[in-house]
Amino acid sequence: MTMVLRSGVMVSLTLQIRRRFMSTPKTTTPSLLSFRKPLSHSIPASKTTNASSPLSETLLFVPPGVLPDEVNDSMILPGSNIVVGPYAGDARIKEVEFVKSSGRAKDCPRDDRPEFAILGRSNVGKSSLINSLVRKKEIALTSKKPGKTQLINHFLVNKTWYLVDLPGYGFAKAPEAAKMDWSSFTKGYFLNRSTLVAILLLIDASVPPQKIDLDCANWLGRNNIPITFVFTKCDKMKVAKGKRPDENIRDFQELIRQNYKQHPPWIMTSSVTGLGRDELLLHMSQLRNYWDQ
């Protein structure tokens with residue numbers, strides 16, 4: 001259902017959601033550490049048999065409604081650390097429509113529908129992932145030229161929630177002024193968007209961990225913005241003198257563990273093979289249904 005609440009109530013509920021689903025960085029100031037009390041739990045999954053997981057002992061993301069000692073293998077989504085709880089519901093995408101492009105956060109739709117924003121380094125596969133999720137070609141603009149998306153693009157799904165395509169970061173050829181404008185209006189969206197349920201932060205699993213991705217994750221954490229790591233291009237095979245996607249994911253997670261007390265939810269995907277598509281949508285459904293209760 002669509003929420004229609006007074007502004008003050010909406011902001012209060014959003015802060016509650018962010019406290020409960022946010023994994024807290026170790027680098028956060030003490031005041032924010034005491035302010036943020038996540039309902040999700042990170043527990044070792046040393047006894048799980050999830051063969052798709054790149055870690056033999058991974059820290060699970062346990063959503064609201066599930067006690068850590070209740071978790072078993074059947075509740076863990078393949079290729080992820082995400083536990084399925086009672087808030088998971090119908091994850092099918094029946095219809096999707098482009099609504100608008102906004103150059104400023106304050107110009108985004110204001111109808112109180114919950115939304116998930118897709119963020120990532122340029123050429124990480126944002127548009128391809130959106131097209132894969134909605135199973136429609138060219139719903140999002142795909143291009144061989146990184147940095148093509150320069151606006152905040154809202155897509156309405158099932159007339160009840162939004163999928164938001166944000167500009168990619170780290171596009172080296174963009175003019176310096178454009179980089180500053182992008183940084184300003186995108187950060188404004190993160191900090192002021194009361195209907196934002198979570199950021200889907202896309203990480204290219206075909207390459208080693210990138211400092212810019214880690215910096216972005218830490219900035220989102222410090223600002224109390226919930227994230228899910230979505231590892232893309234997991235179908236890529238090992239290249240000469242390179243590592244497999246699962247090895248790159250393991251390296252990335254080890255670096256994240258240095259800064260986070262609780263590991264954020266993560267999932268492996270491929271827009272080519274469809275890996276992780278249904279699982280990611282199910283994860284989003286339980287976050288959305290908890291937000292929209």
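Keep in mind the model is a prediction, meaning the values are calculated, not measured.

(A) Main features of the overall build of the protein. The helix and strand inventory of the protein stands at 7 helices and 9 strands. In the protein, of all internal contacts separated by at least 6 residues, the share reaching a separation of at least 24 is 72%. Surface accessibility of the protein: about 13,700 Å² in total, with carbon and sulfur atoms responsible for 53%.

(B) Focus on the nonpolar core. Core analysis: the biggest nonpolar cluster contains 33 residues, and Ile199, Leu201, Leu220 and Phe229 have the highest contact counts within it. The greatest single-element share of this core, amounting to 5 residues, is contributed by helix H5 (residues 211–222). In this structure, Leu200, Val230, Leu280 and Trp291 belong to the second largest nonpolar core, which totals 28 residues.

(C) Structural view of the sheet that holds strand E5 (residues 152–157). Strand order in the open sheet formed by 7 strands is E3-E5-E6-E4-E7-E8-E9, and the pairing between neighbours is mixed. Sheet topology places strand E3 (96–102) and strand E9 (266–268) at the edges, where each strand pairs with a single neighbour. Across this sheet, the average inter-strand angle for adjacent strands is 25°, counted without regard to direction. Here strand E7 (residues 196–204) pairs with strand E8 (residues 227–232) via 6 bridges, running parallel. Bridging from a neighbouring strand, Leu202 pairs with Val230 of E8. Sitting on the sheet, helix H3 (residues 126–134) touches E3, strand E4 (115–120), strand E6 (161–165), E7 and E8, and the angle it makes with E6 is about 155°. Across the sheet, H5 touches E4, E7 and E8, and the angle it forms with E7 is around 165°.

(D) Quick peek at the packing of aromatic side chains. In this structure the tally under the stated criterion is 8 aromatic pairs. Judged by centre distance (5.6 Å) and plane angle (85°), the rings of Phe231 and Phe252 are edge-to-face. A residue pair is termed long-range when its members are at least 10 positions apart, and Phe231 in strand E8 and Phe252 in helix H6 (residues 245–257) qualify at 21 residues. Through successive ring pairs, a cluster of aromatic residues spans Phe229, Phe231, Phe252 and Trp266.

(E) Here's a closer look at H3. Within H3, 8 of the 9 residues are buried, leaving the element largely enclosed by the surrounding structure. The complete set of buried residues in H3 reads Lys126, Ser127, Leu129, Ile130, Asn131, Ser132, Leu133 and Val134. Buried-residue contacts for H3 involve E3, E4, E6, E7, E8 and helix H7 (277–291). Among the residues trailing H3, Arg135 stands out with phi positive, at a value near 55°.

(F) Molecular detail of the packing of H5 against H6. Orientation of H5 relative to H6, taken along the N-to-C sense of each, is 40°, at an axis distance of 11 Å. In terms of orientation, H5 and H6 fall into the oblique class. The hand of the H5/H6 crossing is right-handed. Mapping the contact onto sequence places Asp213, Leu214 and Ala217 in H5 and Phe252, Leu255 and Ile256 in H6.

(G) Focus on the pattern of salt bridges. For the structure shown, the criterion picks out 16 salt bridges. In this structure, Asp111 and Arg113 form a salt bridge, with 2.5 Å as the shortest nitrogen-oxygen distance. Of the residues examined, Asp111 reaches a relative accessible area of 25% and is grouped as partly exposed.

(H) A look at unusual backbone geometry. Of note in the backbone geometry, Asn123 takes a positive phi value of approximately 75° without being a glycine. Following the sequence through the fold, Asn123 ends up in the loop between E4 and H3. Despite not being glycine, Lys233 shows a phi value in the positive range, around 60°. Relative to the helices and strands, Lys233 resides in the loop between E8 and H6.

(I) Looking closely at the pairing of E7. Along E7, 9 of the 9 residues are buried, which leaves the element largely enclosed by surrounding structure. Pairing of E4 with E7 involves 6 bridges; the strand directions are parallel. Directly across from Ala117, in E7, lies its bridge partner Ile199.

(J) Inspection of the environment of Asn289 at higher detail. Structurally, Asn289 can be placed in helix H7. For Asn289, a relative accessible area of 30% puts it in the partly exposed group. Linking Asn289 and Ala88, residues 201 residues apart in sequence, is a C-alpha distance of 7.1 Å. With near-sequence residues (within four places) excluded, Asn289 lies in contact with Tyr87, Ala88 and Gly89.

(K) Examining H6 more closely. The terminal C-alpha atoms of H6, which comprises 13 residues, lie 18 Å apart, in line with the 18 Å expected from a rise of 1.5 Å per residue. In this structure, the buried residues of H6 make contact with E7, H5, E8 and E9.

Scoring rules and cut-offs
Residues numbered from 1 in each chain as written. Predicted model: local features only at pLDDT ≥ 70, side-chain atom pairs only at ≥ 80, totals over all residues. Heavy atoms only, no water. Helix = DSSP H or I, 4+ residues; strand = E, 2+ residues; numbered from the N terminus. Contact = heavy atoms within 4.5 Å. Areas by Shrake-Rupley, 256 points an atom, 1.4 Å probe, with all protein chains shown as cover. Core = buried A, V, L, I, M, F, W, Y, C linked by side-chain atoms within 4.5 Å. Buried < 20%, exposed > 50% of the residue type's maximum accessible area, 1.4 Å probe, protein only. Pairing = 2+ DSSP bridges. Axes fitted to C-alpha atoms, helices over the stretch in contact; angles between N-to-C directions. Phe/Tyr/Trp six-rings, centres within 6.5 Å; stacked < 30°, edge-to-face > 60°. Parallel < 35°, antiparallel > 145°, perpendicular 65-115°, else oblique. Left-handed = near helix turned anticlockwise from the far one by under 90°. Salt bridge = Lys/Arg side-chain N within 4 Å of Asp/Glu carboxyl O. Expected span 1.5 Å × (residues − 1).

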